[in-house]
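Here's the letter readout for the chains.
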2 protein chains.
Amino acid sequence: MNLTEAFMQSLFAAVGKENVITDKEPLVAYGRDYTEDLQYLPSCAVLPETPETVAAVLKLCNENKIPVYTRGAGTGLSGGSLPVNGGVVISTEKLNRILNIDTLNFQATVQPGVINQVFAQAVAEKGLYYPPDPASKGSCFLGGNIAHGSGGPRAVKYGTTRDYVLNLQVALPNGELIWTGANTVKNSTGFNLTQLFVGSEGLLGVVTCIVFRLIALPAHQMLLLVPFKTAREAAVAVNEVLLSGITPSALELMETSGVQISAEATHTPFPFHNDAAFYMLIELDGDNTETLMQQAELLYPVIENCGGLEVMFADSSELKEQWWKVRRGIGETVKQASVYKEEDTVVPRAALPDLLVAVKEVGSRYGFQSVCYGHAGDGNLHVNILKNELSDEVWNHEIPKAIREIFEVCRDLGGTISGEHGVGLVQKPYLDVVFTPQHFRLMRGIKAVFDPNHIMNPGKWLD
Amino acid sequence: MNLTEAFMQSLFAAVGKENVITDKEPLVAYGRDYTEDLQYLPSCAVLPETPETVAAVLKLCNENKIPVYTRGAGTGLSGGSLPVNGGVVISTEKLNRILNIDTLNFQATVQPGVINQVFAQAVAEKGLYYPPDPASKGSCFLGGNIAHGSGGPRAVKYGTTRDYVLNLQVALPNGELIWTGANTVKNSTGFNLTQLFVGSEGLLGVVTCIVFRLIALPAHQMLLLVPFKTAREAAVAVNEVLLSGITPSALELMETSGVQISAEATHTPFPFHNDAAFYMLIELDGDNTETLMQQAELLYPVIENCGGLEVMFADSSELKEQWWKVRRGIGETVKQASVYKEEDTVVPRAALPDLLVAVKEVGSRYGFQSVCYGHAGDGNLHVNILKNELSDEVWNHEIPKAIREIFEVCRDLGGTISGEHGVGLVQKPYLDVVFTPQHFRLMRGIKAVFDPNHIMNPGKWLD
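Residues numbered from 1 in each chain as written. Chains lettered and ligands numbered in written order. Predicted model: local features only at pLDDT ≥ 70, side-chain atom pairs only at ≥ 80, totals over all residues. Heavy atoms only, no water.

1. What about the sheet that holds strand 6 (residues 107–110) of chain B?
All names here are of chain B. Note the cut-off: Any two strands with at least two DSSP-identified bridges between them are counted as paired. Labels follow the DSSP assignment, with helices taken as runs of H or I lasting at least four residues and strands as runs of E lasting at least two, numbered in each case from the N terminus. Lines are fitted to the C-alpha atoms to define the axes, a helix being fitted only along its stretch in contact, and any angle between axes, read from their N-to-C directions, falls within 0 to 180 degrees. Whether two residues touch is decided by their heavy atoms; if any such pair falls within 4.5 Å, the residues are in contact.
Spatial ordering of the open sheet is given by 5-6-10-8-9, a layout of five strands whose pairing is antiparallel. The outermost strands of the open sheet, each flanked by one partner alone, are strand 5 (98–102) and strand 9 (177–179). Neighbouring strand axes in the sheet, compared pairwise and without regard to direction, differ in orientation by 10° on average. Where strand 6 meets strand 10 (residues 206–213), four bridges bridge the pair, whose relative direction is antiparallel. By the bridge assignment, Q107 is partnered in strand 10 with R213. Where helix 4 (residues 116–124) meets the sheet, its contacts fall on strand 5, strand 6 and strand 10, and the angle it forms with strand 5 comes to roughly 35°.

So this is what it looks like as structure tokens:
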């Protein structure tokens, strides 16, 4: 869409001309994320430096009914930030300051453009812990984590982003700034606007400041790696580990084909086992190494009984890093191997064996290869469907039917279609699998309360 | 208000005549709760036996624009369920079944009329743990806990009701039943309707079924009791305990006057210390008694440095029960001692010393006695203001100004006006201390989406 000269002058006045990008070449980067090969071109991108400026930009766009797409680091996997209708992209990249780390209250106040890992390291230096760690933690922004309710491997013990957000400052389309709650871990005062914003994917307003709660930093981690002969054995073992009474700080499953691709592409050594169809990564953490050793010893027979082929122990920080690097690399490297679609299925964790079997059954029926991996302890399984030699016809018209079948299995098992990536653009066609017309009516109604002119992230799942 | 004969006939048809109470005498009990001496008379009370019946009653009331007040066990402390405009009370007392305890997924499905403690015991028998434990746990319903986002002593380590709700079935005013989410610990699919309902105080719909997540039951508890000479020393000690890196499963403060009243009224022995102004109750839990002993030993010097007069250890389950009985009894017994107003203040926990000092300063300025106690580890302090010899004039016109001052202190310290009781009726006059007109606009807008005819709990904080 073309923005008028008058609008652009107002925008320059609001945010500073130096903070507005209008040239096509640099704009391209503001029109894509990590989702497949999707690309849209916004009319311009603005880089506000204060919450007040964000609010002013929203007010201006609202008055002129210009679409607004809020963008973090662009690491999203559902296309949630893409400017599908053109208009203005608000990038939070200049709102990148850690304002306060409160070691007395175990809280921190940060801007949305702070990188997840930068924040986690800053609080760790003060003996505190911010657990949520998406695979993209080295580049993703905390604001994007909030927009999608991001998880990560540590969610099995520590929960997701949602569980660490105490209070949010948000800019509303009408140009107002409000705080959604209070800086307390308990709050029964009014509707929970804070949790309404977490996972709202930029449809309601723009998060301009965040108060997180933190916890004490565990002193030690221990990492175990277990190959399994079959998907079902591996998935059953996930449940048995958790039923043993020990809650690992990570409990991941990785299909061997994904491990191979990642290890090769990242040039990382990995202790492959000839008979392994799946690998399980178990991280234990705590303040006492003896306790961790005791927990590991308790787990050995549990794993053995479930068909674990061996239990490998990372006895150096180098090994730990290698195994994690391979795990974290799967998502990205598998996608470089083929055109792909990535699904973010989630079920009650004991239903994981059934889900895995169903994914493979659907795959063999529709003739696609899938690489499965993810946060098995949460029942959150990423399914990367590879195009490989499939025709465009099959890819565009048959595979969506297969994905729908997989999501129906998720629903029937008590789960849903996204555990941590969000619905965004690419899950939009499947939303009726889990939502009734009532859900849409309520959610559209809520959106209209915050955004009556429908300028926030139009063209996404709620439209 | 008078309900028409035609409406009553439809109500009988929907819910069964035997499930409708219209006689004044039994109706009285449906018009009060545990909040001060408030009493309102509903036109009738209905006791539905199924979610579908609840939905049918809502539809009928919606079509006839009859006020609906949902009621659990009536243990609320903010007047949230009181039928201030008359109309229909929906009691959930017959929706009282535990439908499923899923030991594989650590989940349970229950109806809203199940008593908190009955549920906690049922899951404990299967080795699982439902931590939220309001003082009224022996009688309060889980549905009421959800309506108010209830907490309790264990929240300092385990969080509140909010943190255990995975999915809710709710009846909407239009007569539809929906599930708000999925039975998974991770969910990034659409707006978080589940957490919107938690703490919504019956303003949006009626919760008809609940899926809770559970955790593994810790095997052991240890209880310590520490007297302190001053409020400030006790409040500072709360913070120092948490900064030691140990997270107790309860960390409570009790003002001596409250302990005296409770111990006497409940005929319970208590080891009073002559110099104590406040007592701290510290509960540690875990699977290993040795670890608990080590933690207790680590805490001794911390507590001593903060002015703890001695550290008493409950070396029998009898002692543990006695100390907890005195703690849990304070709220109710203090109220029997005088006409009172109870406030549910909450601040970031390190601000607790400042809050305590401020409460006493306001009290001495306005001339009232207060008894303070509560969940200090969360910064959640209950302030019982006693009327004693104050005139009605002062009580009705001056004390509200004092309460407003206390809430302003809470806000300025980063806190808010209710940590776990809800706003309901009695906190309504103070809501502007923490909410701007924008907050009211958004919350009223959200309510109108769910309840366009404004039949759900009219006359409460949002009106």
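2. Comments concerning the relation of the copies chain A and chain B
Basically, it comes down to this: Here the copies are superposed with least squares, the fitted atoms being C-alpha atoms of residues at a pLDDT of at least 70 in both.
Mapping chain A onto chain B calls for a screw motion: a turn of 180° about the axis and a shift of 0.0 Å along it, with 0.0 Å RMSD after fitting. What we have between these two chains is a two-fold relation. Across chain A, the smallest distance between a C-alpha and the rotation axis is recorded for A:I446, namely 2.9 Å. Looking at chain A, 100% of its interface residues are interface residues in chain B too, so the copies touch through the same face.

3. Digging into the packing of helix 12 (residues 352–366) of chain B against helix 13 (residues 392–412) of chain B
Residues and elements named next belong to chain B. As a reminder of what qualifies: Working rule for angles: under 35 degrees goes down as roughly parallel, over 145 as roughly antiparallel, 65 to 115 as roughly perpendicular, anything else as oblique. Handedness of each helix crossing follows the sense of rotation of the near helix against the far helix: counterclockwise by less than a right angle gives left-handed, clockwise gives right-handed. Ten residue types, Ala, Val, Leu, Ile, Met, Phe, Trp, Tyr, Cys and Pro, are classed as nonpolar, four, Asp, Glu, Lys and Arg, as charged, and the remainder, Gly among them, as polar.
Where helix 12 contacts helix 13, the two axes come as close as 10 Å, and the packing angle between them is 160°. As far as their axial angle goes, helix 13 and helix 12 are roughly antiparallel. Once helix 12 is placed against helix 13, the crossing between them reads as right-handed. The residues of helix 13 that touch helix 12, namely those facing L355, A358, V359, V362, R365 and Y366, are E398, K401, A402, E405, I406, V409 and C410. Looking at the contact of helix 12 with helix 13 residue by residue, the class counts come to nine nonpolar, no polar and four charged.

4. Some points on a nonpolar patch on the surface
All names here are of chain A. As a reminder, the rule being used: Patch construction takes residues with relative accessible area above 30% that form no salt bridge. Like charges are linked within 9 Å, and nonpolar side chains (Val, Leu, Ile, Met, Phe, Trp, Tyr) are linked within 5 Å. Here the accessible surface of atoms and residues is derived via Shrake-Rupley with a 1.4 Å probe, and residues count as covered only by protein chains that are part of the display. Salt bridges, as used here, are contacts in which a Lys or Arg side-chain nitrogen is within 4 Å of a carboxyl oxygen on Asp or Glu. Partly exposed describes any residue whose relative accessible area lies between the buried limit of under 20% and the exposed limit of over 50%, with all areas from a 1.4 Å probe on protein chains only and scaled to the type maximum.
Together, M293, Y300 and F313 make up an exposed nonpolar region whose accessible area comes to about 250 Å². Here Y300 shows up in helix 10 (residues 289–305). The class for Y300 is partly exposed, based on a relative accessible area of 31%.

5. Quick look at the packing of aromatic side chains
Formally: Any pair of Phe, Tyr and Trp rings, taking the six-membered ring for Trp, is counted once the centres come within 6.5 Å. Such a pair is stacked with planes under 30 degrees apart, edge-to-face with planes over 60 apart, and tilted for the rest.
In this structure the tally under the stated criterion is 24 aromatic pairs over all chains. With centroids separated by 5.1 Å and ring planes inclined at 55°, the aromatic side chains of A:F270 and A:F272 adopt a geometry described as tilted. Centre to centre, the rings of B:F119 and B:F212 are 5.4 Å apart; their planes meet at 35°, and the pair counts as tilted. Taken together, the residues span a long stretch of sequence, with B:F119 in helix 4 and B:F212 in strand 10 at a distance of 93 residues. Residue class for B:F119 comes out buried when judged on its relative accessible area of 0%.

6. Side note on the side chain of B:D451
All names here are of chain B. Applied cut-off: Any pair of N or O atoms that falls within 3.5 Å is considered a polar contact. Within protein, one atom must be able to donate a hydrogen and the other to accept it, and sequence-neighbouring residues count only if both atoms are side-chain atoms.
For D451, the position within the fold is in the segment after helix 14 (437–450). Here the side chain of D451 touches I455 through a polar contact of 3.0 Å, landing on its backbone nitrogen. With near-sequence residues (within four places) excluded, D451 lies in contact with P173, L203 and M456.

7. Some remarks on the interface of chain A and chain B
Applicable threshold: Reported buried area values correspond to the accessible surface (1.4 Å probe) lost by two parts on association, with both partners' losses combined.
Contacts between chain A and chain B engage 74 residues on the former and 74 residues on the latter. For the pair chain A and chain B, the two sides together bury roughly 5600 Å², of which 62% comes from carbon and sulfur. Among the residues of chain A in contact with chain B, A:K186, A:S188 and A:F191 are the three that bury the most area, contributing 17% of the side total. Run the count over chain A and chain B and you get four salt bridges. Where A:D378 meets B:K186, a salt bridge forms, and the shortest distance between an N and an O atom there is 3.3 Å.

8. Side note on the sheet that holds strand 3 (residues 68–71) of chain A
Residue and element names in this part refer to chain A. Read from one edge to the other, the open sheet built from four strands follows the order 1-2-4-3, with strand pairing classed as mixed. In the strand order of this sheet, the two ends are held by strand 1 (20–21) and strand 3, each with one partner. Bridge analysis of strand 3 against strand 4 (residues 88–91) gives four bridges, and the strand direction is parallel. Pairing of Y69 across the sheet is with V89, part of strand 4. Together, strand 2 (44–46), strand 3 and strand 4 form the strand contacts of helix 3 (residues 51–64), whose direction differs from that of strand 4 by roughly 165°.

9. Regarding the confidence of the model for chain A
Put simply, the rule is: Each residue carries a pLDDT value, the predictor's own confidence for that position, ranging from 0 to 100.
On average, residues of chain A carry a pLDDT of 96, and 100% of them reach 70 or more. ipTM for the predicted complex: 0.97, alongside a pTM of 0.97.

10. A short note on helix 10 of chain A
Residue and element names in this part refer to chain A. Rules: Multiplying 1.5 Å by the residue count of a helix minus one yields the expected span of that helix.
Between its terminal C-alpha atoms helix 10 stretches 25 Å, which fits the 24 Å expected from 17 residues at 1.5 Å a residue. Those residues of helix 10 that fall on the buried side of the exposure criterion are L292, A296, L299, V302 and I303. For helix 10, the secondary structure elements touched by its buried residues are strand 12 (220–228), helix 8 (231–243) and strand 14 (278–286). If you check the start of helix 10, you find a side-chain oxygen 2.9 Å away from the backbone N of E290, and it comes from N288.

11. Things to note about unusual backbone geometry
Residue and element names in this part refer to chain A. Despite not being glycine, K65 has its phi angle at roughly 55°, a positive value. The phi angle at N457 is positive, at roughly 55°, despite the residue not being glycine. Within the secondary structure, N457 is located in the segment after helix 14 (437–450). The buried category is assigned to N457, whose relative accessible area is 3%.

12. Some words on the domain arrangement of chain A
All names here are of chain A. Short version of the rule: By convention here, the domain bounds are inherited from an automatic or database domain assignment.
Segmenting chain A into domains produces domain 1 (98–216) and domain 2 (220–412). Computed from C-alpha coordinates alone, the two centres of domain 1 and domain 2 are separated by 27 Å. Contacts between domain 1 and domain 2 engage 12 residues on the former and 14 residues on the latter. For the pair domain 1 and domain 2, the summed buried area comes to about 1000 Å², and 48% of that belongs to carbon and sulfur atoms. Counting across the interface, domain 1 meets domain 2 through three salt bridges. With its nearest N and O atoms 2.7 Å apart, the salt bridge here joins K157 to D285. The interface formed by domain 1 and domain 2 holds five residue pairs in polar contact (both at pLDDT 80 or more) in total. Ranked by residues supplied to the side of domain 1 that touches domain 2, first place goes to helix 6 (residues 155–158) with four residues.

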